[in-house]
Structures are given as structure tokens and as C-alpha cells.
Amino acid sequence: MDGKRNNRALGTQKENIAAKFLQKQGYTIVQMNFRCRQGEIDIIATDENYLVFVEVKYRADGHCGNPGEAIDYRKQKKIYRVAEYYLYNSRLPQDTPCRFDAVIIEGDNITLVKDAFGSIGA
């Protein structure tokens, strides 16, 4: 198996772990791996009254830095555009309360960062 497929398989495994973690936190998973021309969102879920777009980042250890650092401004803007498309394509109202969370997996440690993007797009 080549490296790209290995990475995709590992990514899918970690996204499934993140989804189970989110469910234990009270989230309801709406969709996994939403893709469109603008990009991809790992997990779309609901948490209380919010529609939540979740980015999952994994690193085996700290050698390559904190996994959350990979969610830079450029990546946030891309996810934001995909979320806009999702809302439009799903015919959800523009004023649907949304939030952007991140699940950071480093080794066996899982951290949930709510409102990870702050006020992007505001």
C-alpha cells in the first residue's frame, strides 16, 4: 500500500476515534468527510443548538509540532468556505448557529477545542 493510501486509512481511523469522542461529549454526528470542490470537512455534528464543523488533526508525537498548529489561517478559511457551501447545499438558513471546533489527537491524548477558529468570517 502506498503512503497516500496509508495516510488516508490512518486519517479515517483517527476521524472515527474523534467522532466517538465527540459523541461521548454529547455531540450528534451528522456527516463524516463532507467533500465539495472547495475542500473537505472531517466531521459535521450538532452540539446543543449549534451546527459544528470539526477539523481533526493527528500527530503520533510532538516531533512535528502541535497538531493544532496545522490548522492555520489558510486552512481555516478553506474550511469556512466548505461550511458555507454545506449550508447552501443543505438549504439551511444563513442564520443557522454554527461553530468551528477542532479535535487534536496527539498519541493517545485527545483534546477538544471548541470555537477553535474564533471570529473567522465574522
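Chains are numbered independently. Their residues run from 1 in the order of the written sequence. Reporting of local features is limited, given that this is a predicted model, to residues whose pLDDT is at least 70; pairs of side-chain atoms are given and counted only at 80 or more, and all residues count toward the totals for whole chains, interfaces and linings. Only heavy atoms go into the side-chain values, all of them from the structure, while hydrogens and water stay out.

**Student:** Just to check I follow, could you spell out the pairing of strand β1 (residues 28-36) for this structure?
**Tutor:** In summary, the side chains of a regular strand alternate between the two faces of the sheet. Should DSSP find at least two bridges between two strands, the strands are taken to pair. For helices the rule is a DSSP run of H or I covering at least 4 residues; for strands it is a run of E covering at least 2, with both sets numbered from the N terminus onward. Pairing geometry for β1 and strand β2 (residues 39-47), over seven bridges, is antiparallel. In the strand pairing of β2, I29 is matched with A45. Between β1 and the antiparallel strand that follows it, β2, lie two residues.

**Student:** Honestly, the layout of surface pockets in this entry has me stumped. Any pointers?
**Tutor:** Of the volumes computed, that of the largest pocket is approximately 520 Å³. Each cavity reported here is a set of points on a 1 Å grid over the protein atoms alone in which a 1.4 Å probe fits but cannot get out, each pocket an open set with protein on both sides within 12 Å along at least five of seven lines, and each lining residue one with an atom within 4 Å of a point. Along the walls of the largest pocket sit 19 residues, with N7, R8, G11, E15 and K57 positioned nearest its centre. Of all elements in the fold, only α1 (3-24), β2, β3 (50-59) and α2 (73-89) reach the threshold of two or more residues within the lining of the largest pocket. Along the lines of polarity and charge, the residues of the lining of the largest pocket split into five nonpolar, three polar and 11 charged. Grid points are joined across faces, edges and corners, and a volume is the space filled by probe spheres set on the points. Three classes are used: nonpolar for Ala, Val, Leu, Ile, Met, Phe, Trp, Tyr, Cys and Pro, charged for Asp, Glu, Lys and Arg, and polar for all others, with Gly counted as polar.

**Student:** Just to check I follow, could you spell out unusual backbone geometry for this structure?
**Tutor:** Glycine aside, a negative phi is what most residues show, and trans is what most peptide bonds show. In this structure, E48 is a non-glycine residue whose phi angle is positive, near 55°. By secondary structure assignment, the location of E48 is in the loop between β2 and β3. Three exposure classes are used, based on accessible area relative to the maximum for each residue type with a 1.4 Å probe and protein chains only: buried under 20%, partly exposed in between, and exposed over 50%. Residue classification places E48 among the exposed residues on the basis of a relative accessible area of 74%. The residue R91 is not glycine, and still its phi comes out positive at about 55°. Note that R91 resides in the loop between α2 and β4 (98-106). Using a relative accessible area of 76% as the deciding quantity, one classes R91 as exposed.

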